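Here are the chains, one letter per residue:
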Amino acid sequence: MKQEDLPLAVPATAKQDGEAAVSERWSWVEPAAWTPRMLHALEQGVKGGVWYSLMDKVYAPRNLQAATKRVVANRGSAGIDHVSVSVFERNRDANLQRLCEQLREGRYYPQAVRRTYIPKTGSRELRPLGIPTVRDRIAQTALRNVLEPIFERDFAEHSYGFRPGRGCKDALRRVSCLLSKRHLFVVDVDLKSFFDTIPHEQLLARVEQRVADSRVLDLVRSYLKQRVLDTMQEWQPEQGTPQGAVISPLLANIYLDPLDHLMASRGFEMTRYADDMVIQCRDEQHAQQAMDLLREWVEKAGLSLHPTKTRIVQVTQMQGFDFLGYHFQLSKGPPIHVGKWPRDKSLRKFKDSVRDKTHRCNGHSLEAIIRRLNPALRGFLEYFKHGANIFARLDSWVRGRLRAILRKRTHRRGRANGKDHQRWPNDFFREHGLLSMVEERARLVQSSG
């Protein structure tokens, strides 16, 4: 065990040099909530591993100001009070003063969450989202600023979702690396309605393992019990934490962290991004053992696995698995290797986005259509540029959509044909500013090399 991991008490008289030597690991921490002395104690380990007297850090004016900047930068919709970010900003100082007093005096109570629904990619189901008021988003952000470093210190290495300095691409690299080492038996995990089914008391018990400030714990509980306004009906959840709430990703990681450490202690290679996870093994026997251990833990945790989506997959040329938007499968050799490319749902989502911007009866100019289209092309390329090269086919399809618009405007029926390719060649669209994903990908590869 490393010295920095030992649960030492904070020295009574810490040296100034020690306080100033803040690890690069904590460069992301909000300085309005964490002083160098606190970070030094965090690295060394406080007595018993439990933190007291945190509420004053939550309602500190500097922390609330920092939280407000983040909420304003994220924009977002108004909650049930119809107060938008811009409206809150008009009286920022007075609003923050009121919020500070309410938190300090114990008079703060979060308002109901506005429930809305967004489409699920590749599904007819809708995903529920909870939209807190701007005031509550600021309070949650201030709370997260204080709590996140305490739990981040001990989070597992193979957890990547909603953590500072980590992201989807890090998780994807780990999965690819393990596949290249022949970990080809994969437990493809799907936690059914995870965010909506987290047991409140078990979650609070895990927060209490590191936090002993009763006022902070009451604040966390108030967010879990926050009422929901759904199609004019208001109700109080008995379990779960709403997707869309600022604090929810941290609470989800806190709840699943014991699973991370359990799998690592048993020698299983798990990669997790929030509630998306895969466990990679070298043979079917170990994959089955991982599945059995997973089922046991999930049952005790009050969660449930999706009965059909949770499965063991042997990665071959005939089958693979999806993870974070990619599909992983053995490519057809020679040489045979594990390839990855956008999963079918990702392609459908991309094409639906392009179709929405390229209707044949579109009344905008070609330049305006291309300006609206390019960010979607660039975003898709940026995320999937490390996968198999499918961009030539997609570039051709996008140009076909634009040719169909131009064909309609010249009073021609049907889809674009060979003559249209001559009438509006590829260079025509390049001159009008259309992004070529093939050319942009080649430029990115060359610049990175």
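Structure first, text after, so check above.
In this text, all values refer to a predicted model and were calculated from it rather than measured experimentally.

K.L.:
Just give me the short version of the overall build of the protein chain, but keep the residues and values in it.
P.N.:
Looking only at helices and strands, one finds 19 helices and 11 strands in the protein chain. Once the C-alpha set of the protein chain is aligned to its principal axes, its extents read approximately 80 × 60 × 50 Å. The buried share of the protein chain, reckoned over its 449 residues, is 48%. For the protein chain, the exposed surface amounts to about 23300 Å²; the carbon and sulfur share of it is 49%. The averaged location of the 52 negative side-chain charges in the protein chain is 8 Å from the averaged location of its 74 positive side-chain charges.

K.L.:
Before we move on, could you go through helix H12 (residues 248-265) and cite the residues and values that matter?
P.N.:
Because each turn of an α-helix spans 3.6 residues, side chains separated by three or four positions end up pointing in the same direction. Spanning 18 residues, H12 covers 26 Å between terminal C-alpha atoms, matching the ideal 26 Å at 1.5 Å per step. The largest bend in H12 is about 40°, located at Leu256, with the proline Pro258 one to four residues further on. Taken as a whole, H12 has its buried residues at Ser248, Leu250, Leu251, Ala252, Asn253, Ile254, Tyr255, Leu256, Asp257, Leu259, Asp260 and Met263. Gly267 occupies a position one or two residues after H12 and carries a positive phi of about 85°.

K.L.:
Give me the lowdown on the sheet that holds strand E3 (residues 185-190), citing residues and values where you can.
P.N.:
Adjacent strands of a sheet form backbone hydrogen bonds with each other and so pair up, either parallel or antiparallel. Pairing is antiparallel in the open sheet, where four strands are placed in the order E6-E7-E3-E8. This sheet does not close on itself; its edge strands, each paired only once, are strand E6 (269-273) and strand E8 (311-314). Direction aside, the axes of adjacent strands within the sheet are offset by 20° on average. Here E3 pairs with strand E7 (residues 276-281) via six bridges, running antiparallel.

K.L.:
Which residues make up the packing of aromatic side chains, and what values go with them?
P.N.:
Considering all chains together, one arrives at 15 aromatic pairs under this definition. Ring pairing ties together the aromatic residues Phe321, Tyr326, Phe328, Phe350, Phe380, Tyr383, Phe384 and Phe391, which thus form one cluster. For the cation-ring pair, Arg206 lies above Tyr255, with the distance from its terminal atom to the ring centre recorded as 4.0 Å. Between Lys351 and the ring centre of Trp397, over which it is positioned, the NZ or CZ distance is 5.1 Å.

K.L.:
For unusual backbone geometry, give the residues involved together with the corresponding values.
P.N.:
You will see that Ser193, though not glycine, has its phi angle at about 50°, which is positive. Checked against the element boundaries, Ser193 lands in the loop between E3 and helix H9 (194-197). One non-glycine residue, Ala274, lies in the positive phi region at around 55°. With respect to the element layout, Ala274 can be found in the loop between E6 and E7. Judged by its relative accessible area of 5%, Ala274 falls in the buried class.

K.L.:
Can you tell me about a positive patch on the surface, naming the residues and giving the values?
P.N.:
A cluster of basic residues, Arg360, Lys408, Arg413 and Arg415, forms a positive patch on the protein surface. The topology assignment puts Arg413 in the loop between helix H16 (391-409) and helix H17 (418-423). Given the relative accessible area of 77%, Arg413 is considered exposed.

K.L.:
How would you summarise the pattern of salt bridges if you had to cite specific residues and measurements?
P.N.:
Inspection of the entire model under this criterion finds 26 salt bridges. The closest approach of N and O atoms between Asp420 and Arg423, which form a salt bridge, is 2.6 Å. Of this pair, Asp420 and Arg423 both sit in helix H17, three residues apart, which is roughly one turn of the helix. Take Asp420: its relative accessible area is 0%, and that puts it in the buried class. On the basis of relative accessible area, Arg423 is assigned to the partly exposed category, the value being 36%. Several salt bridges share partner residues, and in doing so they unite Arg104, Glu105 and Arg107 into one network.

K.L.:
So what about the environment of Val207? Which residues, and what values?
P.N.:
Its place among the elements puts Val207 in helix H10 (residues 200-208). Look at Val207 and you get buried, because its relative accessible area is 1%. Separated by 196 residues in the primary sequence, Val207 and Arg403 have C-alpha atoms spaced 57 Å apart.

K.L.:
An account of the packing of helix H4 (residues 61-74) against helix H6 (residues 92-105) is requested, with residue identities and associated values reported.
P.N.:
Relative to each other, H4 and H6 sit at 125°, their axes nearing to 10 Å. With respect to H6, the axis of H4 lies oblique. Crossing of H4 against H6: the hand is right-handed. For the pair H4 and H6, contact is made by Pro61, Leu64, Gln65, Thr68, Lys69 and Val72 and by Arg92, Asp93, Leu96, Leu99, Cys100 and Leu103, respectively. Residue classes in the contact of H4 with H6 are distributed as seven nonpolar, two polar and three charged.

K.L.:
For the nonpolar core, give the residues involved together with the corresponding values.
P.N.:
Trp34, Ile138, Leu143, Leu147, Phe194 and Ile279 are the most contacted members of the largest nonpolar core, which has 76 residues in total. Ranked by residue count, the leading element in this core is helix H7 (residues 134-152), at nine residues. Judged by nonpolar contacts, the second largest core, of 40 residues, contains Val278, Leu330, Ile405 and Phe429.

K.L.:
I'd like a description of the side chain of Arg115, backed by residues and values.
P.N.:
Here Arg115 shows up in strand E1 (residues 113-119). No salt bridge is formed by the buried Arg115, whose closest oppositely charged neighbour, Asp230, lies at an N-O distance of 4.4 Å. What Arg115 contacts, discounting residues up to four positions off in sequence, is Pro128, Leu129, Val228, Leu229, Asp230 and Trp235.

Reading guide: rules and limits
- Throughout, residues of each chain are indexed from 1 in the direction in which the sequence is written.
- The predicted origin of the model limits local features to residues at a pLDDT of at least 70 and limits the giving and counting of side-chain atom pairs to 80 or more, whereas totals for whole chains, interfaces and linings rest on all residues.
- Water and hydrogen atoms were dropped before computing side-chain values, which therefore reflect all heavy atoms in the structure.
- Every helix listed is a DSSP run of H or I at least four residues long, and every strand listed is a run of E at least two residues long, numbered separately from the N terminus.
- Residue burial is assigned from relative accessible area. The probe radius is 1.4 Å, only protein chains are included, and a residue is buried under 20% of its type maximum, exposed over 50%, and partly exposed in between.
- The Shrake-Rupley method, run with a 1.4 Å probe sphere, supplies the accessible areas, and residue values consider only the shown protein chains as cover.
- Positive charges are assigned to Lys and Arg, negative charges to Asp and Glu, while His and the chain termini are left out of the count.
- Charge coordinates come from a single atom per side chain, which is NZ of Lys, CZ of Arg, CG of Asp or CD of Glu.
- Expected helix span is taken as 1.5 Å per residue step, with the number of steps being one fewer than the number of residues.
- One fitted axis covers the seven residues ending at a residue, a second covers the seven starting there, and the bend at that residue is the angle between these axes.
- When DSSP locates at least two bridges between a pair of strands, those strands are taken to pair.
- In this analysis, axes come from line fits to C-alpha atoms, helices being fitted only over the stretch in contact, and the angle between any two N-to-C directions falls in the range 0 to 180 degrees.
- Centres within 6.5 Å make a pair out of two Phe, Tyr or Trp rings, where for Trp the six-membered ring is used; the pair is then stacked when the planes are under 30 degrees apart, edge-to-face when over 60, and tilted otherwise.
- Consider the ring centre and the ring normal. A charge sits over the ring if Lys NZ or Arg CZ is within 6 Å of that centre and within 35 degrees of that normal.
- Like-charged residues are merged into a patch within 9 Å and nonpolar side chains (Val, Leu, Ile, Met, Phe, Trp, Tyr) within 5 Å, provided each residue has over 30% relative accessible area and no salt bridge.
- Salt bridges are counted wherever a side-chain nitrogen of Lys or Arg sits within 4 Å of a carboxyl oxygen of Asp or Glu.
- Here roughly perpendicular refers to angles of 65 to 115 degrees, roughly parallel to angles under 35, roughly antiparallel to angles over 145, and oblique to all remaining angles.
- Helix crossings fall into two classes, left-handed where the near helix is turned counterclockwise from the far one by less than a right angle and right-handed where it is turned clockwise.
- Residues are treated as being in contact if the distance between any of their heavy atoms lies within 4.5 Å.
- Only Asp, Glu, Lys and Arg are considered charged in this grouping, and only Ala, Val, Leu, Ile, Met, Phe, Trp, Tyr, Cys and Pro are considered nonpolar; every other residue, Gly among them, is considered polar.
- The nonpolar core is taken to be a set of buried Ala, Val, Leu, Ile, Met, Phe, Trp, Tyr and Cys residues, with the residues joined through side-chain atoms within 4.5 Å.

Shape is all these values report; function is a separate question.
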